Amino acid sequence: LGTHRWRMKSSLHSVSWPHDAWWLVVGSGGSVQVFDGGQGERIGEPVTGLSINRVLACPGTNRLAILGSGQSRSALFLADWKTGSILEREDGASSSALAVARDRPMLAAYGRNEVAYYDPRTRALINRVGLPGGRLNTFAISPDGSLLATVPDSISEGGKISLWSTRDGKAAGVLNCGKAR
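Residues numbered from 1 in each chain as written. Predicted model: local features only at pLDDT ≥ 70, side-chain atom pairs only at ≥ 80, totals over all residues. Heavy atoms only, no water.

Turning to the overall build of the protein chain, a few remarks are in order. In terms of regular secondary structure, the protein chain is built from zero helices and 16 strands. The proportion of buried residues among the 181 residues of the protein chain is 41%. At a minimum sequence separation of 6, the contacts of the protein chain that also span at least 24 residues come to 31%. (Helix = DSSP H or I, 4+ residues; strand = E, 2+ residues; numbered from the N terminus. Buried < 20%, exposed > 50% of the residue type's maximum accessible area, 1.4 Å probe, protein only. Contact = heavy atoms within 4.5 Å.)

The structure is reproduced here in structure tokens:
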């Protein structure tokens, strides 16, 4: 593969490698850029004007999901990396919880004790499901988009992973991983 040098104007905040492509998405300072992972060259147009917290590529599309802020307000942005344009903005999104399904066009964003599911191709809201309990530390969506795995932001529940249906938000199971010794 070799070594490639990319010059960035500020430190890196987020990097994402889509499940179905050979390119890297890099969030740095106020922009998101896409690089060919094999050739090391920038492709598409940078998405600019945002403070970046997290960025993910949506499989099978030219869409990027960006958690960050623009004009001093926290938001979830959906952008097109080929044109560099912001397609959609939803204010009030969490600054750290974002996931995509590998085999289905589904993007999940957590904020305000609920998860919103979107189709990144059409930008349509698929579903919005409330989650009981407190804040999440992290979460992931299953490859087919049917289940959400959540890890609470609580030491007292360490090692517990809850599974939820993305369709109706009902509990689907609990994995007790235990604490490390």
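Let's shift gears to the packing of aromatic side chains. Here the structure, examined in full by the defined rule, presents two aromatic pairs. With centroids separated by 4.8 Å and ring planes inclined at 50°, the aromatic side chains of Trp23 and Trp81 adopt a geometry described as tilted. Of this pair, Trp23 sits in strand β2 (residues 23-28) while Trp81 sits in the loop between β7 (73-80) and β8 (85-91), and the two are 58 residues apart along the sequence. (Phe/Tyr/Trp six-rings, centres within 6.5 Å; stacked < 30°, edge-to-face > 60°.)

So, on to the sheet that holds strand β10 (residues 107-111). Read across the open sheet, the four strands follow the order β9-β10-β11-β12; overall the sheet is antiparallel. Either end of the sheet is taken by a strand with one partner, and the two such strands are β9 (98-100) and β12 (124-130). When the angles between neighbouring strand axes are averaged without regard to direction, this sheet yields 20°. Here β10 runs beside strand β11 (residues 114-119); their pairing, made up of five bridges, is antiparallel. Bridging across to β11, Ala109 finds its partner in Ala116. (Pairing = 2+ DSSP bridges. Axes fitted to C-alpha atoms, helices over the stretch in contact; angles between N-to-C directions.)

A few words on the confidence of the model for the protein chain. Summary statistics for the protein chain give a mean pLDDT of 80 and a share of 80% for residues scoring 70 or more. The element-level mean pLDDT for the protein chain is lowest in strand β1 (residues 12-16), coming to 74, with strand β4 (residues 42-48) highest at 90. (pLDDT = per-residue confidence, 0-100.)

What follows is about the sheet that holds strand β13 (residues 136-141). Ordered by their spatial adjacency, four strands build an open sheet running β13-β14-β15-β16, and the pairing between neighbours is antiparallel. Taken across any chain shown, the strands that pair with only one partner, and hence form the sheet edges, are β13 and β16 (171-176). With direction set aside, neighbouring strand axes in the sheet form an average angle of 20°. Strand direction decides the pairing type here: β13 and strand β14 (residues 147-152), joined by five bridges, are antiparallel. Bridged to Thr138 within β14 is Val151.

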